[in-house]
Amino acid sequence: LRSGSVELQIYDLLGNMMKSLFTGELSSGRHTYSWDGTDNNNTPASSGIYFARLTMNGVVQTKKMVLIK
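Here the structure is a predicted model, which is why all the values come from computation and not from measurement.

Looking at the overall build of the protein
- Helix and strand counts for the protein come out as 0 helices and 4 strands.
- Mapped in sequence order, the helices and strands of the protein form the string β-β-β-β.
- On the principal axes, the C-alpha backbone points of the protein span a range of 35 × 20 × 20 Å.
- A burial count over the protein gives 29% of its 69 residues as buried.
- Counted over contacts in the protein with a minimum sequence separation of 6, partners at least 24 positions apart contribute 36%.
- With an accessible surface of roughly 4900 Å², the protein has 52% of that area assigned to carbon and sulfur atoms.
- Where the 7 positive side-chain charges of the protein centre and where its 5 negative ones centre are 10 Å apart.

Conventions and cut-offs
- Residues numbered from 1 in each chain as written.
- Predicted model: local features only at pLDDT ≥ 70, side-chain atom pairs only at ≥ 80, totals over all residues.
- Heavy atoms only, no water.
- Helix = DSSP H or I, 4+ residues; strand = E, 2+ residues; numbered from the N terminus.
- Buried < 20%, exposed > 50% of the residue type's maximum accessible area, 1.4 Å probe, protein only.
- Contact = heavy atoms within 4.5 Å.
- Areas by Shrake-Rupley, 256 points an atom, 1.4 Å probe, with all protein chains shown as cover.
- Lys, Arg positive; Asp, Glu negative; His and termini not counted.
- Charge placed at Lys NZ, Arg CZ, Asp CG, Glu CD.

Put into structure tokens, the structure is as follows:
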């Protein structure tokens, strides 16, 4: 992979963006981010299914996650 513009966001089942974890430029290599289970207002999210959406240089990858409290 190469360096570039990156966005990492969390969405709920209805497609609403819950939290933006990262937006900016990253160098190539491995990077780790954690979601604390809160939305952009730091309100705790409910247990359920969420999606992590990673966009890098226009390429989108989405992964399903389950939040259990």
